[in-house]
Amino acid sequence: MTRPSLTRGRVRTGAAGLLATSLLAAGCTASSAAASTVTVDVGYQSKTINTINAGTLLRDRGTFEAKLAALGKTTGTTYSVHWLDFPSGPPLTAQMLADKVDIGSMGDYPTLVNGSKTAQYADSKSELIGITGYNLRGSLNQIVVPPDSPAHTLADLRGQVISTSIGSAAHGMIANAVGHVGMSLSDVRLLNQEPSVGASALMNHQVAALGQFVPWPQLMVFRKQGRLLYDGGTNNVATFHAVLARQSYAKAHPEVMQAFLESVKDTSDYINAQPLAAAQRVATITGIEPEVVYLYNGPNGLVTFDPTIKQPLTDAMATDLPFLKDLGSVTNLDLGQFVNDQYVRAAYGAGYDTTRASLTDPDTLHGTDTACNLPVDNPRTASEVWFAGQDVTSLAASPTCALQQIATHTGAVRAAYVPDTVTGTRLFADAAVWVLDPTAEPASRLLPFALDTDAAGYVISHPQARQMDYPSALARFAAA
Amino acid sequence: MIAVLALWQLLTANHVHLWLNFTKLPTPTEVFSELQAQLKSGTYYRNLLSSMERIVIGFELAAVTGVLVGIAVGRSRLAACALRPLIEIARPIPAIALVPLAILLFPSSEEGIIFITYFAAFFPVVVSTIHAMQALPTVWEDAARTMGAGRVSILLNVVIPGALPGIFAGLSVAMGVSWICVISAEMISGQFGIGYYTWQSYGLLDYAGVVVGMLSIGALGFLTSWVIERVGARVNRWLPRGAR
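Rules of the game
Residues numbered from 1 in each chain as written. Chains lettered and ligands numbered in written order. Predicted model: local features only at pLDDT ≥ 70, side-chain atom pairs only at ≥ 80, totals over all residues. Heavy atoms only, no water. Helix = DSSP H or I, 4+ residues; strand = E, 2+ residues; numbered from the N terminus. Rg over C-alpha atoms; globule rule 2.2 N^0.38 Å. Buried < 20%, exposed > 50% of the residue type's maximum accessible area, 1.4 Å probe, protein only. Contact = heavy atoms within 4.5 Å. Salt bridge = Lys/Arg side-chain N within 4 Å of Asp/Glu carboxyl O.

A.B. asks: So, the overall build of chain A: which residues are in play, and what are the values?
C.D. replies: In terms of regular secondary structure, chain A is built from 19 helices and 21 strands. Scaling as 2.2 N^0.38, a compact globule of 480 residues should have a C-alpha radius of gyration of about 23 Å, and chain A matches this with 24 Å. Oriented by its inertia axes, the alpha-carbon framework of chain A measures out at about 80 × 50 × 40 Å. When each of the 480 residues of chain A is scored for burial, the buried share is 58%. A fraction of 74% describes how many contacts in chain A between residues 6 or more apart in sequence connect residues 24 or more apart.

A.B. asks: Break down the environment of proline 217 of chain A for me, with residues and values.
C.D. replies: The residue proline 217 of chain A is located in helix α8 (residues 216-222) in this model. When its relative accessible area of 0% is taken as the criterion, proline 217 of chain A is described as buried.

A.B. asks: Describe the pattern of salt bridges, naming the residues involved and giving the relevant values.
C.D. replies: Per the stated rule, a full pass over the model turns up 23 salt bridges over all chains. Aspartate 187 of chain A is the partner of arginine 158 of chain A in a salt bridge, and the nearest nitrogen-oxygen pair spans 3.6 Å. With a gap of 29 residues between them, arginine 158 of chain A in the loop between β6 (142-145) and β7 (161-164) and aspartate 187 of chain A in the loop between α6 (169-180) and β8 (189-192) connect regions that are remote in the sequence. Among the residues examined, arginine 158 of chain A registers a relative accessible area of 47% and is labelled partly exposed. Judged by relative accessible area, aspartate 187 of chain A falls into the partly exposed class, the value being 24%. In this structure, glutamate 186 of chain B engages arginine 54 of chain B in a salt bridge whose closest nitrogen and oxygen atoms are separated by 2.5 Å. Placement of the pair is glutamate 186 of chain B in helix α8 (residues 151-189) and arginine 54 of chain B in helix α3 (residues 42-75), with a sequence separation of 132 residues. Exposure class is identical for glutamate 186 of chain B and arginine 54 of chain B. Each is buried. Connected through shared salt-bridge partners, Asp99, Asp102, Asp123 and Arg246 of chain A together with Lys24 of chain B make up one network.

None of this, on its own, says anything about what the molecule does.
As structure tokens, this is what we get:
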């Protein structure tokens, strides 16, 4: 259904309202003819699994519609929600500029562009009203290369083509990353491509590397089409996705904003309570492999789902702004005005400030590793194995214990998740570079590394250690 | 031209909103200053050159092979039986739908884009060549044959010159189509090129840049069509019917 083209306001009365009212609120009689209909257009990115609590999963669970229907029962207003799917942030912003989307979620860089571009127009001026998920170190954006690529560090990409989406969080990550290794953006050639196009370009070696946002880098790794070259976490700049609303719409319908953020909160709570079920549902809807969704969205995963607007995220925006100004896509943006926590505060009630101040992941691995007989509590070592045909994952106290479970298990493994030895970033065990350190404790002799350079560094500083691949690491247990 | 520009300035500068919404479109002055900035930057020319290069290579290949295949199908029953079904099946496929395959098929996106341009331009040329040959009055051929001309001689001196006006009509259409496709292909998988520039401007929501890209595409398209028309007029001047 399209919006009425001539009415600029969102309130429609009359026959359509009556029809919608009578359809939604069964049992209503002629008295509801006076009721009005409020339309909410919600833009989301179905494949960007960092925003599922404000998009894919929220839509699937119908939480927002249910809250609005309950609200409508008391006020007599009928709410009609339209969901619009976008491949990335910029086209969503374009629709918000055209007043065709009222609430939208997108990554940090597109968020800033959105704020700056819309600030010039009273009707489409936007504000940041909440967060979907974040990673304090920036590990959501990564650079991958083909598995057989000769490149092992970012410096090896000098003069080569890196596919990315210009203006995205991944683009900003690359700009920071090249600075980290003493290069500048002019030392590499950036190619502007949609993530899916970049992925096929990487498969065919048309580009040397792919720098992208969730879930693309680890999707390539999981499909054995990519090897991690640079983790955005190295930059140590927080990355996140935000919920934006058109200010004029939000002011007219504050109850819709609050209902939306309450729904985002509920969906986040659900993901944190039932991560495996949530990941499988998202996988079914999006077509992304459940193993990949669970890597990001699972416990100790790369994404922390939490709608509160935390201080480090606001700080990160201030850090990001100069890059976008240089790029020419942001002229000026007053962050103090742009960020409006009024609705998310109302959605949380008294607990808002406590939740906002907390920087711990509400979804962590906890329990006991029965195979190793050790508690599972340290996020720097806690690991997880998802055996085929099982609805729950098996906890492991350390990566070594996880390998032991896999080696002694008869049957297939869907995926095993281990934290990187250096950074704690959650990895696929079979994509990690392993190091055997015979001098370490028995439960931590096998150490996974995301980057082969980190593994090599460990071997240099631990002369008795040696590097091996995943099958050899597993074989240690088969022999023992 | 001036009237259109004046209207555009009027509508955008005064933020007119009458069903059509002009409030957020860039004004001509904004576009002009963006164009000036682009004219001073090296990458703008590199973008123009890349697109022109792709058009020239793709279009030339399509013109040569298209005319040759068209002549073969038009003149030989065997070629017609063998090629016509292939042509008719491949013809309705929008060239842009080949982008995903082209990325996988070719060693670099450059060849892929040229292939897509070629694919788009090929069919108008073939089809117009076939039709031009079939539309030739048979008396011309008969006359030449009674004067003792052989197959090759008839082809070179009667059929091809006679079909040239029709072929050029096809080339003209092909040029337009190949611009559409080179731009779309660049938007999806390009590296440099004016379509790539336009799409990147959109990614950064730089609408003035988008309009500069559109105008540059229009100007280049106009230039190439004009070249085709000139060459066509020159070639066809020697023909009794082409002078008109």
